[in-house]
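# Overview (structure and organization)
Chain residues, written in single-letter form:
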Amino acid sequence: MSTPTTGPSRRAPITPADPAVFVGFGASGDLTRRKLVPALINLRRADALPAGFAFLAVIRQADVGGTLAEDVLRTADEHLDTPLTDEERGWFLGRIGVVVGDVEQPALYADIAARLAELQAEHGTGGNALFYLATPPQLFAPIAAGLGQAGLLDEAAAGGWRRVIVEKPFGSDLASAQALNRALAAVLNERQIYRIDHYLGKETVQNLMIFRFANSIFEPIWNRRYVDHVQITVAESDGIGSRGGYYDAAGALRDMVQNHLFMLLALTAMEPPISFDADAVRDERLKVLQAIAPFTRAMVQRDVVRAQYASGRVKDVPVKGYPQEDRVAAGSTTETFVALRLQIENWRWAGVPFYLRTGKRLARRVSEIAVHFRQPPFMMFRDTGVRSLNCNVLVIRVQPEEGITLHVDAKVPGQALDLETVAMDFKYDDAFAQTPSTGYETLLYDALTGDQTLFHRADSTEVGWQVVMPILEAWQSQPAPPCYESGSWGPEESHELLERDGREWRRP
Ligand SMILES: NC(=O)c1ccc[n+]([C@@H]2O[C@H](COP(=O)([O-])OP(=O)(O)OC[C@H]3O[C@@H](n4cnc5c(N)ncnc54)[C@H](OP(=O)(O)O)[C@@H]3O)[C@@H](O)[C@H]2O)c1
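Residues numbered from 1 in each chain as written. Predicted model: local features only at pLDDT ≥ 70, side-chain atom pairs only at ≥ 80, totals over all residues. Heavy atoms only, no water.

### Structural notes on the sheet that holds strand β2 (residues 53-59)
Inclusion rule: Strand pairing is defined by DSSP finding a minimum of two bridges between the two strands. Secondary structure elements follow DSSP: runs of H or I no shorter than four residues count as helices, runs of E no shorter than two count as strands, and numbering proceeds from the N terminus. As a rule, the C-alpha atoms of each element are fitted with a line to give its axis, helices using only the stretch in contact, and angles between N-to-C directions run from 0 to 180 degrees. The contact criterion used throughout is that any non-hydrogen atoms of two residues lie within 4.5 Å.
If you walk across this open sheet you meet the six strands as β3-β2-β1-β4-β5-β6, and the pairing is parallel. Two strands in the sheet have a free side with no partner beyond their single neighbour: β3 (96-100) and β6 (193-195). Along the sheet, successive strands turn relative to each other by an average axial angle of 20°, direction set aside. Inspection of the sheet shows strand β5 (residues 162-166) paired to β6 by three bridges, in the parallel sense. Considered in β6, the bridge of valine 166 is made with arginine 195. Contacts from helix α5 (residues 106-123) reach β1 (20-25), β2, β3, β4 (129-133) and β5 within the one sheet, and its direction differs from that of β2 by about 160°.

As structure tokens, this is what we get:
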């Protein structure tokens, strides 16, 4: 199953993206150094960047400006699969401009406009510009407003396209997400807004649609008649690291469930779109979120589990508990683990529970979607030694070892009739030549070519928040969450959530 049937590993030729200036706000930050610049270099290595390309770094500290380009390249080099060549260094250094200033001061945008015009003329990029907001989230709206007031988002005046990539988190609740959408809509059309979710940059996530809709064998059984339930797991073995300040105010439900897990859920459960057009796909993803049964207080009590990691051992290394982490408030009740059971109320999925879980400091780092199929309708082996049948499980692994595994029962060789579950396994790395990736290449390429399919639309961000708001509100009047041991698979309550339904979590 792991070898492509039409020949050796192959890669479709790629059309270079449109000429453009990439304008990076927060260009001195971690994301730009570790992910964005390496991704741009990987795109160039794949011949996906146009000849007309320039990078304009927007930073706030003048003393960083002189060495920024070299500094960014140094970190980028550490995150590339193969070291930067002198030619690549020359390429980047020859097309980077730096503007220094405070994003809340209008003067900065006049400087950006002037430097942008110079880079456009020098590198033949036309009027196209991609603004990437890699800054703290409270600056997203002020930067959009500043760009708008300076006329930098006006495509007619620019003579080219103007697009804005907005990083996560997209709001911290429904009201703040709505306010951010309003602030963006005041200066941009929806087709200019790219709300990024790096989970959608992963091959397996994109492959979910291909897997479902480019093959004819799965879709007929992808429904309530054949599927018993679905489990979606996004487990991390890391703790919160240095993100205590952000994480303690957010928690796992806001940080992971409302965006990444809901997107995996939507891709798993959506109806076939009428085309691969961005809005056709996004319409179907939205309908899944709209069909989630609203959480009442009783449902939150019964179907949602939250917990916080205590000390323990992860991969045999002792680790501290969440309360002992840096920049975590004393007595914090922030959840680092969430498990929940939800229902999608539509024709395809009525009665099929979807179980979602995510957490930090769990036993392993793994993200997967496991579709559990129903038991065969009739036990024809009842007079043999076979006492029970396992249900078939289709596992779509998002990370690590991206791939797909189908678990089926097979006869153990020999005279006795005995069954064992075996795995049919497809691993991306075995089937296709690996492409170096930070996970941002596809998303940057899509933004440069104007494909919004893998980006969130305003309506889906708001519906995602609408679903989780009753949970956040109910938690306010609930006692502090229980603890789970670091290195485990979460609290006992999470296992009980499935046991109550006669099911159990997979051990990935
Ligand atoms: N890092 C990741 O892997 C990752 C992953 C997913 C999402 N994100 C999101 O991406 C965004 C950036 O993350 P990051 O990790 O790069 O953060 P970071 O390392 O803290 O960098 C933030 C950048 O914003 C600049 N900045 C902060 N306050 C500013 C202000 N008042 N005016 C102008 N510039 C200001 C910083 O400038 P100074 O250098 O001068 O402080 C820095 O360049 C965040 O929204 C984050 O949630 C990051």
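Still more to cover.
### Comments concerning the side chain of arginine 397
Operational definition: Distance and chemistry together define a polar contact, namely a pair of N or O atoms within 3.5 Å, with one atom able to donate a hydrogen and the other to accept it when in protein, and with adjacent residues in sequence counting only for side-chain atoms on both sides.
Tracing the backbone through its elements, the reader meets arginine 397 in strand β13 (residues 393-399). Side-chain polar atoms of arginine 397 contact the backbone oxygen of phenylalanine 426, separated by 3.5 Å. Setting aside its immediate chain neighbours within four residues, arginine 397 contacts Thr204, Ser367, Glu368, Glu402, Gly403, Ile404, Thr405, Asp425, Phe426 and Lys427.

### Comments concerning the packing of helix α1 (residues 30-45) against helix α3 (residues 68-78)
Condition: An angle below 35 degrees is read as roughly parallel, one above 145 as roughly antiparallel, one from 65 to 115 as roughly perpendicular, and any other as oblique. We call Asp, Glu, Lys and Arg charged. Ala, Val, Leu, Ile, Met, Phe, Trp, Tyr, Cys and Pro are nonpolar, and the rest, Gly among them, are polar.
Put simply, α1 and α3 touch, their axes get as near as 8 Å, and they point 85° apart. With respect to their mutual orientation, α1 and α3 come out roughly perpendicular. Contacts between α1 and α3 pair Arg33, Arg34, Val37, Pro38 and Ile41 from the former with Asp71, Val72, Leu73, Thr75 and Ala76 from the latter. Broken down by class, the residue content of the contact of α1 with α3 amounts to six nonpolar, one polar and three charged.

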